[in-house]
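Residue-level structural notes
Residue-level listing of the chains:
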Amino acid sequence: MKLHRFIPAAASLVLIGCESPAPTDAIDLSPRSTMSRRIVSSTSGSGQAQLPAGFTLMDFEFNAKLSEDGSAKGSFYEHYESAAGIVEFYGAVTCVTFDAVNGRAWVGGVVTQNNSTSPSALTAIHEVGDEVWFRVVDNGEGKSPGDRTTVYGFQGGGGFTTSAQYCAAQPWAANNANTWEVVAGNIQVRP
């Protein structure tokens, strides 16, 4: 009798530990996906970046993988605050491009969750399903200047309408303008 009670409890523990991955991490096991999905380049990072005065440090985390067939997958997150409120987005990667010489990557995708309270992040271009993008630079471990990232850009920013346009154009302003130094954590660009 005790054994009968123990087995269902153990089975429920196993099920709890085997939750399905998030949709952005889903693995396609169909036959067509095996060869065309080989990862050829990637970028990832997590930590905090120093934003201008009036903002808290920006927490960020991302991973983006480019497959041999040109498709991209991954996820991203950022969170920071100001007197106006919280800016917090989650997203799914749809494109990523690289500049191997300069250690740069451009990542684009769609918003999957917007938990912002700041009115500037609650407009029609910030909704779930809308295009979003950012760029990063990996300057090497412990090097000066350090790694850098941007806050997210949205439709109309920099003259871009879609993430695909942004990734293809690979914009980078002189003197790293509009990128922010990573003060805790690390960015890796592996073109």
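Quantities reported herein were computed from a predicted structural model and do not represent experimental measurements. (Residues numbered from 1 in each chain as written. Predicted model: local features only at pLDDT ≥ 70, side-chain atom pairs only at ≥ 80, totals over all residues. Heavy atoms only, no water.)

Observations regarding the overall build of the chain
A tally of regular secondary structure across the chain gives 3 helices and 9 strands. Put simply, the chain runs from its N terminus to its C terminus through helices and strands in the order α-α-β-β-β-β-β-β-β-β-α-β. In the chain, which comprises 191 residues, the share counted as buried stands at 36%. For the chain, the accessible area works out to roughly 10,700 Å², and carbon and sulfur atoms hold 57% of it. (Helix = DSSP H or I, 4+ residues; strand = E, 2+ residues; numbered from the N terminus. Buried < 20%, exposed > 50% of the residue type's maximum accessible area, 1.4 Å probe, protein only. Areas by Shrake-Rupley, 256 points an atom, 1.4 Å probe, with all protein chains shown as cover.)

Considerations on the pairing of strand 4 (residues 85-99)
Of all 15 residues making up strand 4, 11 are buried, and the element is well covered by its neighbours. Here strand 3 (residues 72-82) runs beside strand 4; their pairing, made up of 8 bridges, is antiparallel. Residue serine 82 lies in a different strand from strand 4, and its bridge partner there is glycine 85. In this structure, the hairpin formed by strand 3 and strand 4 is closed by a connection of 2 residues. The pairing of strand 4 with strand 5 (residues 104-114) spans 10 bridges and is antiparallel. (Pairing = 2+ DSSP bridges.)

A look at the state of the cysteines
Enumeration according to the criterion identifies 1 disulfide in this entry. The partner cysteine of cysteine 95 in its disulfide is cysteine 167, sulfur to sulfur 2.2 Å. On the sign convention where negative means left-handed, the S-S torsion of about 70 degrees between cysteine 95 and cysteine 167 marks this disulfide as right-handed. Highlighted residues: cysteine 95 in strand 4 and cysteine 167 in helix 3 (residues 163-169), separated in sequence by 72 residues. Per residue, the accessibility class of cysteine 95 equals that of cysteine 167, and both read buried. (Disulfide = S-S within 2.5 Å.)

A word on the side chain of arginine 148
Checked against the element boundaries, arginine 148 lands in strand 7 (residues 148-149). Of the buried charged residues, arginine 148 lacks a salt bridge, with glutamate 181 as the closest side chain of opposite charge at 4.6 Å. A polar atom in the side chain of arginine 148 sits 2.7 Å from the side chain of threonine 179. Contact partners of arginine 148, with chain neighbours within four places excluded, come to Arg135, Val136, Val137, Asn176, Thr179, Trp180, Glu181, Val182 and Ile187. (Lys, Arg positive; Asp, Glu negative; His and termini not counted. Salt bridge = Lys/Arg side-chain N within 4 Å of Asp/Glu carboxyl O. Polar contact = N/O pair within 3.5 Å; in protein donor to acceptor, adjacent residues only side chain to side chain. Contact = heavy atoms within 4.5 Å.)

Brief notes about the environment of alanine 169
Checked against the element boundaries, alanine 169 lands in helix 3. When its relative accessible area of 45% is taken as the criterion, alanine 169 is described as partly exposed. With 72 residues separating them along the chain, alanine 169 and threonine 97 place their C-alpha atoms 9.3 Å apart.

With respect to the pattern of salt bridges
Counting across every chain of the model gives 1 salt bridge. Between arginine 38 and glutamate 68 there is a salt bridge, with the nearest N and O atoms lying 3.1 Å from each other. Placement of the pair is arginine 38 in the loop between helix 2 (33-36) and strand 1 (39-49) and glutamate 68 in the loop between strand 2 (58-67) and strand 3, with a sequence separation of 30 residues. Since its relative accessible area comes to 48%, arginine 38 is described here as partly exposed.

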